[in-house]
Each structure stands twice: as C-alpha cells, then as structure tokens.
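Report on the structure
What follows is the residue order along each chain.
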Amino acid sequence: MASLKIVLLMSFCQTLSASADQQTQHKTAHPGDTVTLSCQAPKPSIAAVEWTRTDLEKYVYFQRGRRPLTQDQDPHYVDRVELHNPEMKNGDLSLTLKTVNSNDSGRYECRYKEFQSKRRKRAAINNEPIRIFVLNVNAVTCVTCTC
C-alpha cells in the first residue's frame, strides 16, 4: 500500500512539473533582433493585458482597451514594445520587442483581464501568468576561419 502511495505521488509531481514546463518557454536572441513573445488568452474578450519582468518594479507593457498606458512603464521599454495585434483579436496578446540588447534578458510574464459586466475604474491584473518566457540576449560571436 505504501509503494502505491509513492507511485501515485511521483506521478502527480511529474504531471505538475510537465505542466509548468509547458507554460515556460526559453527564447534566445542577438542584440539588434526583433523578438515576438507569443501569448494567447483562452477567451477573446480582453479588457487589459500586462507584460512584466520579474526583476523590474515597473511593467514592460500595459494596455487597457485599445490604449497602451505608459505612465508606469519601465523607461527601458518605451517606444520599443508593442502588441503584435493591438486590437487583441481572438485573444492574441503577443508582444513584439524591438532592437533587443543584453539588458532585455530576463523572465517575462503575460497576464490579462477579461471584460466583466460591472465596470471598474482600473483593470487590476492579479491573476497568474498565462505565459512565461525566459529571454536570453547573447552577443554575436564571430569566428574567422582561414583556409
């Protein structure tokens, strides 16, 4: 009976680990590249989207309705990020990051808020991320070959 419990516990832990791995994606880029971080909401009725980096206090990108809000955006990202689909059609919340550099390396999280029947003044997004990216921006290494 004890061995059955151990097998069931191990199976449960592997399932949790697999689902966490599916949510986190790793992406590598080179300085100067344009990178798209894909994020798809399960429902198309989006009130707001937020992209954050876990090591920053301010957000990378925030949009409520059709308007990006820049007042609390990290200055490093101003005029360098935009939604791939600004209208968020079909739940597409993918973020395009232009002219990446080594300072862009980090863990990015995508969150969203659905439209609700009762309108609130602010669209606070406190839910778990639906997509996580670990971006690594590597310098291009040149190798010269002599033949």
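Here we summarise the structure given alongside this text. Since this is a predicted model, take the numbers as computed values, not measurements.

So, the pattern of salt bridges
As enumerated under the stated definition, the model contains seven salt bridges in all. For E109, the salt bridge goes to R107, with nearest N and O atoms at 3.2 Å. By relative accessible area, E109 is classed as buried at 9%. One salt-bridge network, held together by shared partners, links R66, E87 and K89.

Comments concerning the sheet that holds strand 1 (residues 24–29)
One open sheet accounts for six strands, arranged 1-9-8-3-4-5; its pairing is mixed. One side of each edge strand has no neighbouring strand; the edge strands of this open sheet are strand 1 and strand 5 (67–68). Note that strand 3 (residues 46–53) and strand 8 (residues 106–114) share seven bridges and pair antiparallel. Looking at the pairing, E50 lines up with R111 of strand 8.

Points about the nonpolar core
By size, the foremost hydrophobic cluster in this structure holds 24 residues, and its most contacted members are V49, W51, L93 and Y108. The set of elements that each furnish at least two residues to this core consists of strand 2 (35–37), strand 3, strand 6 (81–83), strand 7 (95–97), strand 8 and strand 9 (131–137). Counting five residues, the second-largest nonpolar core is a separate cluster that includes Y59, F62, L69 and I125.

Scoring rules and cut-offs
- Residues numbered from 1 in each chain as written.
- Predicted model: local features only at pLDDT ≥ 70, side-chain atom pairs only at ≥ 80, totals over all residues.
- Heavy atoms only, no water.
- Salt bridge = Lys/Arg side-chain N within 4 Å of Asp/Glu carboxyl O.
- Buried < 20%, exposed > 50% of the residue type's maximum accessible area, 1.4 Å probe, protein only.
- Pairing = 2+ DSSP bridges.
- Helix = DSSP H or I, 4+ residues; strand = E, 2+ residues; numbered from the N terminus.
- Core = buried A, V, L, I, M, F, W, Y, C linked by side-chain atoms within 4.5 Å.

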